[in-house]
Amino acid sequence: MAKNWLYDRFNAFLERHMPEGLFARALIILVAPVVLLQTIMTGLIFERHFENVTRLLARSFAREVSLLVELYERSDQSFAAEMRIESLARRNLKLDLQIEPGVLPPPLPERLFSRADARLTRELTVETGKPFWIDSRADPDVIDVRVQVTPDEVFRIQPRVERTLATSTGFLLFLMLASSLLLLGIATIFLRNQIRPITDLARAAQSFGTGRDAGGFRPRGAREVKAAGEAF
């Protein structure tokens, strides 16, 4: 009994708030699942694709930095050794490394909701074990990373953003949105063509019921709709 009551209340709610036209109702039935699916897929892309790819890129970069730090610590730390390590970084790792005297700049305020910075910070902490400084605000295309290798020597590396975090997420979302809009457009045209025979039949029946000529009504459409038109 309670189940039937809830079902009736739900149907009454839909009747009050749904559009009256058949095309509008059918379009909602078509669009609502697509919007729900897009929302779920968007969440999955951000949670899975962005997080996983960013983690792998940040870890790879941090390990490369750790390798350069270890090479420097095992060398005689002379000027010639610094030149060799900088050349190795540029030639083999494609990293713009500069070994500079000095200390790290003052810490920057933490960026809110920056998961990429948090991931890179975590990986550098695990892999290098050295004090470091990160600035991803000064240049939108480059991240400034500095590692305190010795009390008076700093590694300064400026990789491009795509080297440390996933940058293709926005493009994937754009492709999903564009493909969904295209498919919805095609489905809307198809749906309109399928509903037009029903609206023609309703218009002809209304004209006939009020004593007017039904005009050039011709049964067409799906088999059931065409059969109803022929019966009319």
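Every value quoted in this text rests on a predicted model; they were computed, and no experiment measured them.

**Q** Which residues make up the pairing of strand S4 (residues 153-157), and what values go with them?
**A** The buried fraction of S4 is high, at 4 of 5 residues. With 5 bridges connecting them, strand S1 (residues 97-101) and S4 associate as antiparallel partners. Counted as the bridge partner of Ile 99 is Phe 155 from S4. Pairing between strand S3 (residues 142-150) and S4: 5 bridges, direction antiparallel. Each bridged residue has a counterpart across the sheet, and for Thr 150 the counterpart in S4 is Glu 153. As consecutive antiparallel partners, S3 and S4 are separated by 2 residues.

**Q** I'd like a description of the environment of Ala 204, backed by residues and values.
**A** Relative to the assigned elements, Ala 204 resides in helix H5 (residues 169-209). Note on Ala 204: relative accessible area 3%, which makes it buried. C-alpha of Ala 204 to C-alpha of Gly 229: the two residues are 25 residues apart in sequence and 9.3 Å apart in space.

**Q** Lay out the packing of helix H2 (residues 22-74) against helix H3 (residues 79-92) with the relevant residues and their values.
**A** Between H2 and H3, the shortest axis-to-axis distance is 10 Å and the interhelical angle comes to 160°. As the angle between them shows, H2 and H3 are arranged roughly antiparallel. The handedness of the crossing between H2 and H3 is right-handed. Listed contacts from H3 to Leu 68, Leu 71 and Tyr 72 of H2 are Glu 82, Ile 85, Leu 88 and Ala 89. For the contact of H2 with H3, the per-class residue count stands at 6 nonpolar, no polar and 1 charged.

**Q** Would you mind going over the confidence of the model for the chain in detail, with residue names and values included?
**A** Within the chain, residue pLDDT values average 81, and 88% of them lie at 70 or more. Mean pLDDT values over the elements of the chain span from 66, in helix H1 (residues 2-17), up to 92, in S4.

**Q** Break down the pattern of salt bridges for me, with residues and values.
**A** All chains considered together, the criterion is met by 11 salt bridges. The salt bridge partner of Glu 86 is Arg 90, with a shortest N-O separation of 4.0 Å. With Glu 86 and Arg 90 both in helix H3, this residue pair falls 4 residues apart, about one helical turn. The partly exposed category is assigned to Arg 90, whose relative accessible area is 38%. A salt bridge links Arg 90 to Asp 96, with the nearest nitrogen and oxygen atoms 3.6 Å apart. Of the residues examined, Asp 96 reaches a relative accessible area of 31% and is grouped as partly exposed.

**Q** Could you give an account of the nonpolar core, naming the residues involved and the relevant values?
**A** Core analysis: the largest hydrophobic core is formed by 25 residues, its most contacted members being Phe 61, Leu 68, Leu 97, Leu 120, Leu 124 and Phe 155. Those elements giving two or more residues to this core turn out to be H2, H3, S1, helix H4 (115-128), S3 and S4. Of all the elements, H2 adds the most residues to this core, at 7 residues. Excluding its chain neighbours within four sequence positions, the residues that come into contact with Leu 97 are Leu 68, Ile 85, Glu 86, Ala 89, Arg 90, Phe 155, Arg 156 and Ile 157.

**Q** So what's going on with the sheet that holds S4? Residues and values would help.
**A** Ordered in space as S1-S4-S3-S2, the 4 strands form an open sheet in which the pairing is antiparallel. Lying at the two open borders of the sheet, with one neighbouring strand each, are S1 and strand S2 (132-139). Pairwise comparison of adjacent strand axes, ignoring direction, gives a mean angle of 25° for this sheet. As paired elements, S2 and S3 share 5 bridges and run antiparallel to each other. When the sheet's bridge partners are listed, Asp 139 is paired in S3 with Val 142. The strands that H2 touches are S1, S3 and S4; relative to S3, the one it contacts most, it runs at about 30°. Contacting S1 and S4, H3 runs over the sheet at an angle of about 150° to S1.

Conventions and cut-offs
- Sequence positions are assigned chain by chain, starting from 1 and proceeding in written order.
- The predicted nature of this model means local features are confined to residues of pLDDT at least 70 and side-chain atom pairs, given and counted, to a pLDDT of 80 or more, with totals for whole chains, interfaces and linings taken over all residues.
- Side-chain measures were taken over the full set of non-hydrogen atoms in the model, leaving aside hydrogen atoms and water.
- The cut-offs for exposure are 20% and 50% of the maximum accessible area for each residue type, with area from a 1.4 Å probe on protein chains only; residues under the lower value are buried, those over the upper are exposed, and the others partly exposed.
- Numbering of helices and strands starts at the N terminus; helices are DSSP runs of H or I of at least 4 residues and strands are runs of E of at least 2.
- Only when DSSP finds a minimum of two bridges between them are two strands counted as paired.
- Every axis in this analysis is a line fitted to C-alpha atoms, fitted for helices over the stretch in contact. Angles between the N-to-C directions lie between 0 and 180 degrees.
- Any angle that falls under 35 degrees is termed roughly parallel, while one over 145 is termed roughly antiparallel, one within 65 to 115 roughly perpendicular, and all others oblique.
- Should the near helix be turned anticlockwise from the far one by less than a right angle, the crossing is termed left-handed; should it be turned clockwise, right-handed.
- The contact criterion used throughout is that any non-hydrogen atoms of two residues lie within 4.5 Å.
- For this classification, Asp, Glu, Lys and Arg are treated as charged, while Ala, Val, Leu, Ile, Met, Phe, Trp, Tyr, Cys and Pro are nonpolar and the rest, including Gly, are polar.
- Each residue carries a pLDDT value, the predictor's own confidence for that position, ranging from 0 to 100.
- When a carboxyl oxygen of Asp or Glu lies within 4 Å of a side-chain nitrogen of Lys or Arg, that pair is called a salt bridge.
- Residues belong to one nonpolar core when they are buried, are Ala, Val, Leu, Ile, Met, Phe, Trp, Tyr or Cys, and are joined through side-chain atoms within 4.5 Å.

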